[in-house]
Amino acid sequence: MLKIFGERQRFCDGVSRRQFLQIGGMAMGGLTLADFLAAEAQAASKPAQHKAVIMVYLAGGPPHQDMFDLKPDAPEEIRGEFKPINTNVSGIQISEHLPRIAKMMDKFAVIRSLIGARDEHANPLCLSGFPLAEANKNHPSLGASISRIFGPVHETVPPFVDLIQKTQHKPYSIPAAYGFLGRQYSAARVDEEGAADRTLQGITLQRLSDRRRLLEAVDGFRRMVDRSEFVEAQDVATRQAFNILTSGKFVEALDVSREPERVREMYGKGQDKPAGDGCSLRNEQFLAARRLVEVGVRCVTIGYWFWDFHGGNFSNCKKYLPMLDQAITALVQDLHDRGLDKDVSVVVWGDFGRTPKINKDAGRDHWPAVSCALLAGGGMRMGQVIGSTTKDGGYADDRPLHYRDVMATLLYQMGFDVRHNQTVDQIDRPIFLYPGHEPITELI
């Protein structure tokens, strides 16, 4: 890892500016600068199409029947405490604790028949479309695939950024897989690991503009490292590295304090403290994600709280659904206001659904048979509900759709049809990303 020290300035999620200017294990999640530049070189001939995806991972499995698929006619032990409310789209009702989404339902689409989950608390399903065991067998995340297919928009901005903070339950924050695509398509990632690795001695943020000193520091660092770790065109790569290190685009995009106060208030604060063994509820991550896609990031992933409510499901949802409601609607409205709604897709989902029957502790247990997803933007057709579940919300009834069908749709809206187009692995073998899956016709 290459690390640059400077004065501490806090970002939206509690990560300091000092921590963010680290190239390697912390700031690039194991993605070396050489890896990033190799990916950039491969994509240099591609047009700079700037479509993007923001993915919100609801760690722990959100209760679909208390959010977007209420069953008011079911018995009490199934329907629960919440009442459905009308939205601004005739015939669509959602939870009373999501009133902001209800008021702008015409800017959202809901999938009520999402399938493909397993009973496991881990993020690979949402990030890659494959459960943990399969994702570990070389399947890349959506962000890595986007990086490989489309490449960087700007030479100083990584195409894939993972904002999911480190969690106590480690599978909630597994680094997004690059799989058969290769390490150069890893995400730029924020975490606390690797802090004791090598540093650029004597270089601070205040001296980054002095490129001569930066060059001297990098040269000194290079002499300490096995030359096999560097790409062949080392001098060229180093010159390009200076552009990344000295560019303010990426770092400034993470500094949400640059936004007007009214915008930050629109998103809200959420809650910094992690819940259980999962993520925090940092609403400012949503604002950071919007700022990142504006400067050229193609895929941003966010982790939001802990939805594993085996007990106290309704008391927890009453408190925390409104925070999610504010963050999501602020992001989507902000994208519309900035003219980005045709280019930036948003998807919100979790590990799996929850049991139809409420348990003795007023909770719902794990239920991988069916779940839900909320989508917005990206030029997709909004103001609709796709699919349905059985009367108890336990199984997909009409139009079952897999996580990978959603990912195929997101890629299609970016200009890549998984039915007909292939990508290539590290040894240039052509591979279909999601064989047997296709874009969702209702959305495209």
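Here's what I pulled together on the structure shown here. Residue positions within a chain follow its written sequence, with the count starting from 1. Side-chain atom pairs in this predicted model are given and counted only at pLDDT of 80 or more, local residue features only at pLDDT of at least 70, and totals for whole chains, interfaces and linings cover all residues. To get the side-chain values, all heavy atoms of the structure are used, and hydrogens and water are removed first.

**Quick word on the packing of helix α12 (residues 284–295) against helix α13 (residues 313–337)**
Consideration 1: Put simply, α12 and α13 touch, their axes get as near as 9 Å, and they point 20° apart. The angle between α12 and α13 falls in the class roughly parallel. In this structure, α12 meets α13 at a crossing whose hand is right-handed. Across from F286, L287 and R290 in α12, the residues of α13 making contact are A327, I328, L331, D334 and L335.
Consideration 2: Here the nonpolar group is Ala, Val, Leu, Ile, Met, Phe, Trp, Tyr, Cys and Pro; Asp, Glu, Lys and Arg are the charged ones; every other residue, Gly included, is treated as polar. Of the residues assigned to the contact of α12 with α13, the class counts are six nonpolar, no polar and two charged. Inter-axis angles, ranging from 0 to 180 degrees, are taken between N-to-C directions of lines fitted to C-alpha atoms, where helices are fitted over the stretch in contact. Helix and strand definitions follow DSSP, with helices as H or I runs of at least four residues and strands as E runs of at least two, each counted in order from the N terminus. Throughout, the term roughly parallel applies to angles under 35 degrees, roughly antiparallel to angles over 145, roughly perpendicular to angles from 65 to 115, and oblique to all others. Two helices cross in a left-handed way if the nearer one is turned anticlockwise from the farther one by less than a right angle. They cross in a right-handed way if the turn is clockwise. Every residue pair with non-hydrogen atoms within 4.5 Å of one another is taken to be in contact.

**What to know about the pairing of strand β12 (residues 299–303)**
Side-chain positions along a regular strand alternate between the two faces of the sheet.
Consideration 1: Whether a residue is buried, partly exposed or exposed follows from its accessible area with a 1.4 Å probe, protein chains only, as a fraction of its type maximum: under 20%, in between, or over 50%, in that order. Along β12, five of the five residues are buried, which leaves the element largely enclosed by surrounding structure.
Consideration 2: Going residue by residue along β12, you find C299, T301 and G303 tucked away on one face and V300 and I302 tucked away on the opposite face as well.
Consideration 3: Two elements, strand β3 (residues 52–58) and β12, share five bridges in a ladder whose sense is parallel. Bridge assignment links V56 to a residue of β12, and that residue is I302.
Consideration 4: The rule for pairing is simple: two strands pair if DSSP sees at least two bridges between them. Inspection of the sheet shows strand β7 (residues 160–162) paired to β12 by three bridges, in the parallel sense. Its bridge partner lying in β12, V161 is registered against V300.

**Thoughts on α13**
Consideration 1: Along its 25 residues, α13 runs 35 Å from first to last C-alpha, staying within 8% of the 36 Å computed at 1.5 Å per residue.
Consideration 2: Of all the bends in α13, the greatest reaches close to 35° and is centred on K319; the proline P322 follows between one and four positions later.
Consideration 3: Directly beyond the C-terminal end of α13, a positive phi value near 70° is found at G339. One less than the residue count of a helix, multiplied by 1.5 Å, gives the span that helix is expected to have. The seven residues ending at a residue and the seven starting there each receive a fitted axis; the angle between those axes is the bend at that residue.

**A short note on the nonpolar core**
Consideration 1: Residues grouped as a nonpolar core are buried Ala, Val, Leu, Ile, Met, Phe, Trp, Tyr and Cys residues, joined through side-chain atoms within 4.5 Å. Judged by nonpolar contacts, the single largest core of 112 residues is most densely connected at Y304, I328, W349 and L411.
Consideration 2: With twelve residues, the top contributor of residues to this core is α13.
Consideration 3: Excluding residues that lie within four positions of it along the chain, Y304 makes contacts with V56, Y57, L58, A59, C279, S280, L281, R282, N283, F286, M323 and L324.

**As for the packing of aromatic side chains**
Consideration 1: Between the rings of Phe, Tyr and Trp (Trp by its six-membered ring), a pair exists once the centres lie within 6.5 Å; its type follows the angle of the planes, with under 30 degrees stacked, over 60 edge-to-face, and the other angles tilted. Taken as a whole and assessed by the stated rule, the structure comprises ten aromatic pairs.
Consideration 2: Between the aromatic rings of F286 and Y304, the centroid separation amounts to 5.4 Å while the plane-to-plane angle is 80°, which identifies the pairing as edge-to-face. Pair noted here: F286 is in helix α12 and Y304 is in the loop between β12 and α13, with a separation of 18 residues, a long-range link. For the residue pair F286 and Y304, the accessibility class agrees, reading buried in each case.
Consideration 3: Aromatic rings pair up to connect W305, F306, W307, F309 and Y320 into one cluster.
Consideration 4: By definition, being over a ring means that NZ of Lys or CZ of Arg is both within 6 Å of the ring centre and within 35 degrees of the ring normal. Between R404 and the ring centre of F130, over which it is positioned, the NZ or CZ distance is 4.1 Å.

Any functional reading would require information that these geometric values do not contain.
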